[in-house]
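Analysis of the macromolecular model
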Amino acid sequence: MIKKQPDSANGLFHSAQPVWPVGRESEKNLLVGFRAVFDARERSPWCLRVAASTIYRAYLNGTFLCHGPARGPHGYFRVDEWPLAELLTVGTNWIAIEVAGYNINSYALISQPSFLQAEVVADGKTFASTAGEGTNFEAATLPDRTQRVPRYSWQRPFSEAYRLRPGYDLWRIERSAAFVPVRCGVVGAKRLLPRRVPYPTFPVRAPRWHVASGAVRDGAEGESLWKPSFLTDIGPDLEGFTEADLEAIPLFDLQRVATTSRRELDGPVDTPSVFSLDANSFHLLDFGADLTGFLGARIRCAAPAKLCFAFDEILTDGDVDFKRLNCANVVRCDLLEAGVYEFETVEPYVLRYLKLIALDAACLVDHVSLREYANPQVFDAHFACSDRRLNRVFEAGRETFRQNAVDIFMDCPSRERAGWLCDSYFASRVAPDLMGNAVIERNFFENFLLAPPFASLPDGMLPMCYPADHPRGSFIPNWALWFVLQMEEYFIRSGDRAMVDGLRPKIVRLFEYFRQFHNSDGLLEKLPGWIFVEWSKANDFVQDVNYPTNMLYASALEAADRLYRLPSLAADAERIKNAIRQQSFDGRFFLDNALREDRGLRVTTNRTEVCQYFAFYFGVASPQTHGRLWDTLRDEFGMERNPSRSYPDVHRANAFVGNYLRMELLSRYDCHARLLEEARDHFHKMAEITGTLWENDDVRASCNHGFASHVVHVWYRDILGIHRIDAQERKVVLRFTDLPLEWCEGRMPVGRDAVHLSWWRDGGKLHYRVRAPAAFSIAVDHRCAEEIIPHP
């Protein structure tokens, strides 16, 4: 289903118009079903064109077809085109589309009035459409999904709870009394954009291992219920339903369920497998790795029952802690009558472990599954070497990227599913390595380009994540600076001058915003907002003058000068860097911050590891200017440093972003063997536990975070030796260094072609073979002690 799409969405719809049940386009959490019947004389070429708000999924002849849409900015909607040939029958066909209209603010999905615009077309003719030519879609509100439920998290819209009766889904393939058509109206023309990004293929995964089973007691008394802020803080700034208005609160229900007995299991799950759950019992399953997608199962019950799906990325004390990520990792199905139910969530979730809990009556559960929602365009890339641990980490990085880069670069596919800046700086480097293009990044920047003014933010400031709603006016000024750095790299990757020029006014206004916080030294002082350096003690030292932020600021000014020829910005950057060197460096380390007092600025004694990495990464320091400090950082610091034993006065860095900047510096300054050893040992434990890479250097938070896939870029550049591919200049630069490996091979896609490289050691020499696309030149940077021998 990966297909090339036109660059413009204008004219994509032949006749369909956006529609919704009359007067309900702003209603919260309304699930509406649309269906149409059409005749097909042959199997191809047929396609479904669809745009919607907020999310949709479609079925053809009762079989799952797709989920969407790709996200766009406020006031714009991306158009999907799904081929129908594989599921089409010659004769009568039923197309069914479910649209969930949320209408609440979130970081994952922006709040816009609900609608569906869809049509089935073939050979330039429309056979079914919303308010257009051909058979008209009819619509009904679907009562199966409980409407008044809590949010899933502070950052995402509603959680899922269901009240099902047998045959609740028959409307998708036949006339059903449960499907009561309602009147729809056209809701006004929508501004449309092409999808561009790859179409997921939705492979279905089954659990791999039994973990445990046992009995539970419902209604157990215990500690006071956990009431997260996304439940208690509902109001104008965090929209949803108040606790008093809720019909169901699954996160409360599960807290009242206590385990009374448990039997450990350790065996593979047969396929297909049937799980026989007695009333008030559970079965714990392992999918083998962290996965993202839609949970599904077929459920049989002889009496009314409840089945809960509780899940998480890891086990906590041997069990699923559905509250660990500060979100509601539970889906509840109330099975209102005896019968058979085919069930699948409409929202994607992230899990390795799934706990099925049957309450009130026994259930037979089979076809337990997760339908993946991930980027499919990552498997042409290849990496392998003589150290299996490195291979395992690469695959964990690939898996992390594909789950976090479906339509934009997300921070995580679980708690937030948001397009955070800074995260995107690192993830965007991985896209051309695995996909051979920058199409996701183009959409990512286009969303900022076309967005209307960010009314809740200070004039000139960019949102910290987008597309997203920011009703509280929260922003991270540092993240807007990472935006500028990423923009420069995007231009190098893509050559997209039109995008760069289109964003110039917003970048110019951004620096005008920052200028008002310049002090007499040219440094940013008393910045408002959430000043974010990294998830470590560094975030406690951000006022009044934060030196890491000013290091980043100087680098962003230099990038803007290179993009737009603004030499005054470069001059400001040099002044800032000189001031930092004079004020922040105490002869041993760079200090994090200074406080404004009556007599002027007082530099504190706060020292963080990440501050040192900022200094070197952003050109305030180098091994030439601060050689002693670099030697100390290289030899005595690292990802596994114990600060209680080594430099206790320097607070330890975390994964985001300190450990990643450290890898960049080890690469920049030719410490490749040390980089390999540190990174391999640090990330291999993550790969073994979840098969993905984590937000922190422990499991306190997300175990599947988009920026962490940057290790893929590091592996290609610093281990395989494809140092750089310049698609604009048609040049491949190889760099061979001294590494403790016997061989390595890999393939990096470049458009529809690829660069292939393999090397091996033999007879005290390093042999290599490379193949690049036609018209690409190859340069070799020889930095290893051995003689290198090319092979044709």
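Residues numbered from 1 in each chain as written. Predicted model: local features only at pLDDT ≥ 70, side-chain atom pairs only at ≥ 80, totals over all residues. Heavy atoms only, no water.

A closer look at the environment of Ile-249
With respect to the secondary-structure elements, Ile-249 resides in the loop between helix H1 (229-232) and helix H2 (250-255). A relative accessible area of 15% means that Ile-249 is categorised as buried. Spatially, the C-alpha atom of Ile-249 lies 41 Å from that of Ala-85, the residues being 164 residues apart in sequence. Not counting residues within four places of it along the chain, the set of residues in contact with Ile-249 comprises Pro-150 and Glu-243. (Helix = DSSP H or I, 4+ residues; strand = E, 2+ residues; numbered from the N terminus. Buried < 20%, exposed > 50% of the residue type's maximum accessible area, 1.4 Å probe, protein only. Contact = heavy atoms within 4.5 Å.)

A short note on helix H10 (residues 609-617)
Across the nine residues of H10, nine count as buried, placing the element largely inside the fold. Inspection of H10 places Glu-609, Val-610, Cys-611, Gln-612, Tyr-613, Phe-614, Ala-615, Phe-616 and Tyr-617 among the buried residues, and these make up the whole buried set. On its buried face, H10 is in contact with helix H4 (423-435), helix H6 (477-494), helix H8 (547-564), helix H11 (627-636) and helix H12 (655-668). Gly-619 sits one or two residues past H10 and shows a positive phi near 80°.

Looking at the packing of aromatic side chains
Here the structure, examined in full by the defined rule, presents 60 aromatic pairs. Judged by centre distance (5.5 Å) and plane angle (45°), the ring pair of Phe-294 and Tyr-373 falls under tilted. Placement of the pair is Phe-294 in strand E19 (residues 281-301) and Tyr-373 in the loop between strand E24 (363-372) and strand E25 (382-385), with a sequence separation of 79 residues. The pair Phe-294 / Tyr-373 is uniform in exposure class, with both members buried. Note that Arg-172 overlies the ring of Tyr-59, its terminal NZ or CZ placed 3.9 Å from the centroid. A cation sits over an aromatic face here: Arg-191 above Tyr-76, 4.3 Å from the ring centre. (Phe/Tyr/Trp six-rings, centres within 6.5 Å; stacked < 30°, edge-to-face > 60°. Lys NZ or Arg CZ within 6 Å of the ring centre and 35° of its normal.)

Thoughts on the packing of helix H3 (residues 388-404) against H4
For the pair H3 and H4, the least separation of the axes is 11 Å and the interaxial angle reads 105°. In terms of orientation, H3 and H4 fall into the roughly perpendicular class. Residues Phe-394, Arg-398 and Phe-401 of H3 form the contact with H4, whose own contacting residues are Ala-427, Val-430, Ala-431, Leu-434 and Met-435. Partitioned by chemical class, the residues of the contact of H3 with H4 number seven nonpolar, no polar and one charged. (Axes fitted to C-alpha atoms, helices over the stretch in contact; angles between N-to-C directions. Parallel < 35°, antiparallel > 145°, perpendicular 65-115°, else oblique. Nonpolar A, V, L, I, M, F, W, Y, C, P; charged D, E, K, R; others polar.)

Points about H11
Listed in full, the buried residues belonging to H11 are Leu-629, Trp-630, Thr-632 and Leu-633. Here the buried residues of H11 occupy an arc of 160° about the axis, which is enough to place them on one side. Lining the buried residues of H11 we find H10 and H12. Gly-638, located one to two residues past H11, shows a positive phi value of around 155°. (Arc of directions from axis to C-beta.)

Thoughts on the confidence of the model for the chain
Low pLDDT marks stretches whose predicted atomic positions should not be read closely. Model confidence for the chain is summarised by a mean pLDDT of 96, while 98% of its residues fall at 70 or above. Contacts of residues 1-10 to residues separated by more than four positions or lying in other chains number 28 contacts, the stretch itself having pLDDT below 50. (pLDDT = per-residue confidence, 0-100.)

Some details on the packing of helix H5 (residues 439-450) against helix H7 (residues 497-515)
Where H5 meets H7, the axes come as close as 10 Å, and the angle between the chain directions of the two elements is 35°. In this structure, the crossing between H5 and H7 has a hand that is left-handed. Residues Arg-442, Phe-445, Glu-446, Phe-448 and Leu-449 of H5 touch H7, and the partners they reach there are Met-499, Gly-502, Leu-503 and Lys-506. Here the residues of the contact of H5 with H7 sort into five nonpolar, one polar and three charged. (Left-handed = near helix turned anticlockwise from the far one by under 90°.)

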